[in-house]
Amino acid sequence: MGILVDKNTRLMVQGITGREGSFHALRCREYGANLVAGVTPGRGGQVFDDDVPVFNTVRQAVDETQANCALIFVPPPFAADAIVESVDAGIPTIACITEGIPIMDTIAVKRYIRDKPVTLIGPNCPGMITPGANVKVGIMPGNIHAPGRIGVVSRSGTLTYEAVSQLTDLGIGQSSCVGIGGDPVNGSSFVDILKMFNEDDETDGVVMIGEIGGTREQEAAEYISSEFNKPMAAFIAGRSAPPGKRMGHAGAVITGMAARAEEKEKALSAAGVAIVPGPGEIGSTFQQVINA
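The rules behind each value
Residues numbered from 1 in each chain as written. Predicted model: local features only at pLDDT ≥ 70, side-chain atom pairs only at ≥ 80, totals over all residues. Heavy atoms only, no water. Helix = DSSP H or I, 4+ residues; strand = E, 2+ residues; numbered from the N terminus. Polar contact = N/O pair within 3.5 Å; in protein donor to acceptor, adjacent residues only side chain to side chain. Pairing = 2+ DSSP bridges. Core = buried A, V, L, I, M, F, W, Y, C linked by side-chain atoms within 4.5 Å. Buried < 20%, exposed > 50% of the residue type's maximum accessible area, 1.4 Å probe, protein only. Contact = heavy atoms within 4.5 Å. Axes fitted to C-alpha atoms, helices over the stretch in contact; angles between N-to-C directions. Salt bridge = Lys/Arg side-chain N within 4 Å of Asp/Glu carboxyl O. Phe/Tyr/Trp six-rings, centres within 6.5 Å; stacked < 30°, edge-to-face > 60°. Lys NZ or Arg CZ within 6 Å of the ring centre and 35° of its normal. Expected span 1.5 Å × (residues − 1).

Asker: Hey, could you run me through the side chain of Asn 124 in this one?
Answerer: One can find Asn 124 in the loop between strand S7 (119–121) and strand S8 (127–130). Polar side-chain contacts of Asn 124 include one of 2.8 Å to the side chain of Asp 183.

Asker: For this particular structure, what's the right way to read the sheet that holds strand S1 (residues 10–14)?
Answerer: Two orientations exist for strands paired in a sheet by backbone hydrogen bonds: parallel and antiparallel. Pairing is mixed across the open sheet formed by seven strands, whose spatial order is S3-S4-S2-S1-S5-S6-S7. Among the strands making up the open sheet, the edge pair consists of strand S3 (47–48) and S7.

Asker: Even after reading the chapter, I still don't get the nonpolar core, so can you show me in this structure?
Answerer: Nonpolar side chains in soluble globular proteins tend to be buried together. Among the nonpolar cores identified, the biggest contains 46 residues, and Leu 11, Leu 71, Val 137, Val 153, Leu 194, Met 208 and Ile 224 are the most heavily contacted of them. Counting residues per element, this core draws most heavily on helix H6 (residues 190–199), at five residues. When sequence neighbours within four positions are dropped, the list of residues in contact with Leu 11 reads Cys 28, Ala 33, Asn 34, Leu 35, Val 36, Ala 37, Cys 69, Ala 70, Leu 71, Lys 136 and Val 137. Formed by 26 residues, the second largest nonpolar core is a distinct cluster that contains Val 36, Ala 70, Val 87 and Ile 91.

Asker: I tried to follow the sheet that holds strand S9 (residues 135–138) on my own but got confused; where do I start?
Answerer: Ordered by their spatial adjacency, seven strands build an open sheet running S9-S8-S11-S10-S12-S13-S14, and the pairing between neighbours is mixed. Because the sheet does not close on itself, it has two edges, and the strands there are S9 and strand S14 (274–275). Relative to strand S11 (residues 174–179), strand S10 (residues 147–154) is paired through five bridges, and the arrangement is parallel. Opposite Val 153, over in S11, you have Val 178 as the bridge partner. Strand contacts of helix H1 (residues 19–31): S8 and S9, with the helix running at about 165° to S9, the strand carrying the most contacts.

Asker: Is there a simple way to explain the pattern of salt bridges in this structure?
Answerer: Close approach of charged atoms allows side chains with opposite charge to pair. Summed over the entire model, instances satisfying the criterion amount to 10 salt bridges. Where Glu 30 meets Arg 27, a salt bridge forms, and the shortest distance between an N and an O atom there is 2.8 Å. Remark: Arg 27 and Glu 30 occur in helix H1; sequence separation between them is three residues, near one turn of the helix. One salt bridge connects Arg 29 with Asp 51, and the closest N-O pair in it is separated by 2.7 Å. Residue Arg 29 is found in helix H1, and its partner Asp 51 is found in the loop between S3 and strand S4 (52–55); the two are separated by 22 residues along the sequence.

Asker: Honestly, the packing of aromatic side chains in this entry has me stumped. Any pointers?
Answerer: Two aromatic rings are characterised by how far apart their centres lie and by the angle between their planes. Summed over all chains, the structure comprises one aromatic pair. The aromatic ring of Phe 23 is capped on one face by Arg 27, whose charged end is 4.6 Å from the ring centroid.

Asker: Just checking my understanding: could you explain helix H5 (residues 157–169) for this structure?
Answerer: The α-helix advances 3.6 residues per turn, and as a result positions three or four apart in sequence lie on the same side. Here H5 is 13 residues long and its end C-alpha atoms lie 19 Å apart, about the 18 Å a rise of 1.5 Å per residue gives. Those residues of H5 that fall on the buried side of the exposure criterion are Gly 157, Leu 159, Thr 160, Ala 163, Val 164, Gln 166 and Leu 167. Contact partners of the buried residues in H5: S10, S11, strand S12 (205–211), strand S13 (232–237) and helix H9 (282–291). Structurally, the start of H5 carries an N-cap: the backbone nitrogen of Leu 159 is 3.1 Å from a side-chain oxygen of Ser 156. Gly 171 occupies a position one or two residues after H5 and carries a positive phi of about 80°.

Now the structure itself:
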């Protein structure tokens, strides 16, 4: 059911004793995630929310609880090390929420995990959710999601929520929703997630939210045109953004013609993707696609 997280997910939160980590760990648990461990160096032996053990290291957490998914709320200077620690402990699925990680740290992490059996979502992302399994690994509001068969993948957290809310209001449930993050370098690309959705028998179509900056949307268009076989709609944020000015995300800056919203829309349209004209029409546009 869906991708990345399901009823077999055993969640560990790195930074669980911090303000953000504790708040969102509780929200994930309330939604239905199986929260089995927390990790904060120096806090080993403590207990979170009455029955969740806190460990000093990820290795201890994995050995004692069989955690298989990491959610990271660690300050930017230490977040890259936190990711590597989870990778070295054998965690196969990692979501790093932390914003502001130095780009050279992220590049080093991406090189480190390149040939390892791990999927990294983020950094600077909202995480992922599979509504049908009641599993949330991230910071998205759980109440707007509904179980269904439509995947959502996005560079923007806020626009992910907007897209999901519109879909739910139209009675279109979601298989899984994944926010890949808005930094210039991140662990997973649109293509990585689209491949998962393409192979998922319980996903019938996909909504994609892109934005200005980089060429990830064009790379997705190339993959879609050659291999993807499910209906899609896409919205590209930043159509009116001025060149050279960063708009919100670190990666949302027009640095050449390919980074412009118009060029991304052109590539996706040529690949057969329905282009959403505005943020308020994400749900209605996709509804037209699946009803065509």
